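# Working through the structure, step by step
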Amino acid sequence: MPSPTASGWKTFTTSDRDLTFDYPGDWTVKDPAGTSPLGGMFVEVLNAAGKPMAVLQTKVVTGLECVQQYPFTVLDSESMTVLAEKGVPNENVPRFMFETRGDASAPARTAETIAAYGITMIPEKIGTLECPIFLLFRWPPSGAMFGAVYDTANNATPVDPALPYLEKAKLYADTGEYRNIRRMITSLRPAG
């Protein structure tokens, strides 16, 4: 994968001093203290144009119920052992992912047709069907999330607007903006 396009990266550490990550120098990190419903951290990362690129939230209740499966595609995946819980089997190591679910011909995002990038604790699957996208990973005392749903209004994708939503997501994976997001999210690590 080509290098990220931004230079002058900065480092952000959550106010509870638990997590830290790197982000492009011309992006903004908003940390509205006290807005997380369960008392955890809630941080929003905006690109230079002020568009939301990702959210980091801690003290999120984890849990997954798979009541339906959808056609899926893994566009990108990387293990993130730095976030692995001590004493937990290796198959539960968080990983960065950019994946799609749903109808490849759908013109726009729907509840069943979606693309998202971020950290998950669900191992990468092989096959043709998969449960909904689950952007959560274990982080004491409960869980956390760092990522976002691919949104054609926020994620700059210089392609024909008539292309189906999931095709745009696939092409977005080749953009400099995506490479910056990927570098940012995969830099998440325990602070200190």
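Per-chain numbering applies: the sequence of each chain, read as written, is numbered from 1 onward. Local features in a predicted model are, by the rule used here, given only for residues with pLDDT of at least 70; side-chain atom pairs are given and counted only at 80 or more, and totals for whole chains, interfaces and linings are based on all residues. Hydrogens and water molecules were not included; the side-chain quantities draw on all heavy atoms of the structure.

## Re unusual backbone geometry
Heads up, the condition is: By the criteria applied, helices consist of DSSP H or I runs no shorter than four residues and strands consist of E runs no shorter than two, each listed in order from the N terminus. Only protein chains enter the area calculation, which uses a 1.4 Å probe; residues under 20% of their type maximum are buried, those over 50% are exposed, and those in between are partly exposed.
That bond from P140 to P141 is cis: its omega, 10°, falls within 30 degrees of zero. Residue position: P141 is located in the loop between strand 10 (137-139) and strand 11 (142-149). Positive phi outside glycine occurs at R17, with the angle close to 65°. Note on placement: R17 falls in the loop between strand 1 (10-13) and strand 2 (19-23). Since its relative accessible area comes to 59%, R17 is described here as exposed. One non-glycine residue, K59, lies in the positive phi region at around 55°.

## Remarks on the pairing of strand 1
Along any regular strand, the residues point their side chains to alternate faces of the sheet. Put simply, the test is: Strands are labelled as partners when DSSP assigns at least two bridges between them.
Of the pairings in the sheet, the one linking strand 1 to strand 2 comprises 4 bridges and is antiparallel in character. Along strand 2, the bridge assignment pairs T11 with D22. In this antiparallel pair of consecutive strands, strand 1 and strand 2, the connection spans 5 residues, and R17 shows a positive phi of 65°.

## Some details on the packing of aromatic side chains
For the record, the criterion: Each aromatic pair joins two rings of Phe, Tyr and Trp (for Trp, the six-membered one) with centres within 6.5 Å, and gets the label stacked for planes under 30 degrees apart, edge-to-face for over 60, and tilted for any other angle. Distance and angle both matter: a charge sits over a ring if NZ of Lys or CZ of Arg is within 6 Å of the ring centre and within 35 degrees of the ring normal.
Counted under the stated rule, the structure contains 11 aromatic pairs. Here the aromatic rings of F98 and Y117 are separated by 5.8 Å at their centres, their planes lie at 80°, and the arrangement is edge-to-face. Placement of F98 in strand 7 (residues 95-101) and of Y117 in strand 8 (residues 114-120) is noted, with a sequence separation of 19 residues between them. For the pair F98 and Y150, a centre-to-centre distance of 6.5 Å together with 50° between the ring planes defines the contact as tilted. Within this pair, whereas F98 is found in strand 7, its partner Y150 is found in the loop between strand 11 and helix 1 (165-172), the two being separated by 52 residues in sequence. Chaining the aromatic ring pairs together yields one cluster made of F96, F98, Y117, Y150, Y165, Y172 and Y178. One residue, R183, lies across the ring of W9, its end atom 3.9 Å from the ring centre.

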